[in-house]
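Given next are the chains, with one letter for each unit.
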Amino acid sequence: MAGADAFFLAILHGFTPEMYMLITKAAGIACSFADIAFILLLLKTAHALKLRENPAAPPPKRRLCALYVFAALTPTLALPISSDAFVIWQSLVLGIPYLLLAHTVVTEFPTLLRHMREKIRSN
């Protein structure tokens, strides 16, 4: 265990607050874009499944618009702001798309469930 302790202590001594913020911002941007891509895929999939049942089903315009707004806001995580302000801003930029995800799962659950049942029965 002494080898691992020495390794992590060496990393700790070279890890500055500026480096921490840089890594945190890069990780926040990458995670935000990955989350947005996942939510967009879910929205598009749910809409495609709805179109099978009802060809006149309207697209989820408000949710897509909100998602695109937060995709546009994601690069602002790289702005030079204080660490306290960054935590709040990151929570908003990353948190609100998760609310969209939760809303989509709840509202589209019956459609997704019917599709999963069809897939299970066809296999």
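For clarity, every value in this text was computed on a predicted model and none was experimentally measured.

## Focus on the overall build of the chain
At step 1: In terms of helices and strands, the chain carries four helices and zero strands.
At step 2: Walking the chain from its N terminus toward its C terminus, one meets helices and strands in the order α-α-α-α.
At step 3: A compact globule built from 123 residues would reach a C-alpha radius of gyration of about 14 Å, whereas the chain, at 20 Å, exceeds it by more than 25%.
At step 4: Each of the three principal axes of the chain carries a C-alpha extent, and together these read 60 × 35 × 15 Å.
At step 5: When burial is assessed residue by residue, the chain has 28% of its 123 residues classed as buried.
At step 6: Residue pairs in contact within the chain that sit at least 24 positions apart in sequence constitute 76% of those at least 6 positions apart.
At step 7: Surface exposure of the chain reaches about 8,400 Å², of which carbon and sulfur atoms provide 73%.
At step 8: In the chain, the 11 positive side-chain charges and the 7 negative ones have mean positions that sit 18 Å from each other.

## Comments concerning the environment of I11
At step 1: Assignment of secondary structure puts I11 in helix α1 (residues 2-13).
At step 2: According to the relative accessible area criterion, I11 is partly exposed, its value standing at 41%.
At step 3: Between the C-alpha atom of I11 and that of L51, which follows or precedes it by 40 residues, the distance is 53 Å.

## Observations regarding the pattern of salt bridges
At step 1: In the structure shown here, the tally under the stated rule is four salt bridges.
At step 2: Between R114 and E53 there is a salt bridge, with its nearest N and O atoms 2.7 Å apart. Placement of R114 in helix α4 (residues 83-122) and of E53 in helix α2 (residues 17-53) is noted, with a sequence separation of 61 residues between them.
At step 3: Taking the shortest distance from any N to any O, the salt bridge between E108 and R63 comes out at 3.1 Å. One end of the pair, E108, is in helix α4; the other, R63, is in helix α3 (residues 61-73), with 45 residues separating them in the sequence.
At step 4: You can call E108 buried: its relative accessible area is 4%.
At step 5: Assessed through its relative accessible area of 14%, R63 is described here as buried.

## Overview of the nonpolar core
At step 1: Within the largest apolar cluster, twelve residues are counted, these being I36, I39, L42, L43, A46, L49, L64, L67, A71, L100, L101 and L112.
At step 2: Those elements that provide at least two residues to this core are α2, α3 and α4.
At step 3: The biggest single contributor to this core is α2, with six residues.
At step 4: With five residues, the next largest nonpolar core counts M21, L77, F86 and V93 among its residues.

Reading the values: rules and limits
Residues numbered from 1 in each chain as written. Predicted model: local features only at pLDDT ≥ 70, side-chain atom pairs only at ≥ 80, totals over all residues. Heavy atoms only, no water. Helix = DSSP H or I, 4+ residues; strand = E, 2+ residues; numbered from the N terminus. Rg over C-alpha atoms; globule rule 2.2 N^0.38 Å. Buried < 20%, exposed > 50% of the residue type's maximum accessible area, 1.4 Å probe, protein only. Contact = heavy atoms within 4.5 Å. Areas by Shrake-Rupley, 256 points an atom, 1.4 Å probe, with all protein chains shown as cover. Lys, Arg positive; Asp, Glu negative; His and termini not counted. Charge placed at Lys NZ, Arg CZ, Asp CG, Glu CD. Salt bridge = Lys/Arg side-chain N within 4 Å of Asp/Glu carboxyl O. Core = buried A, V, L, I, M, F, W, Y, C linked by side-chain atoms within 4.5 Å.

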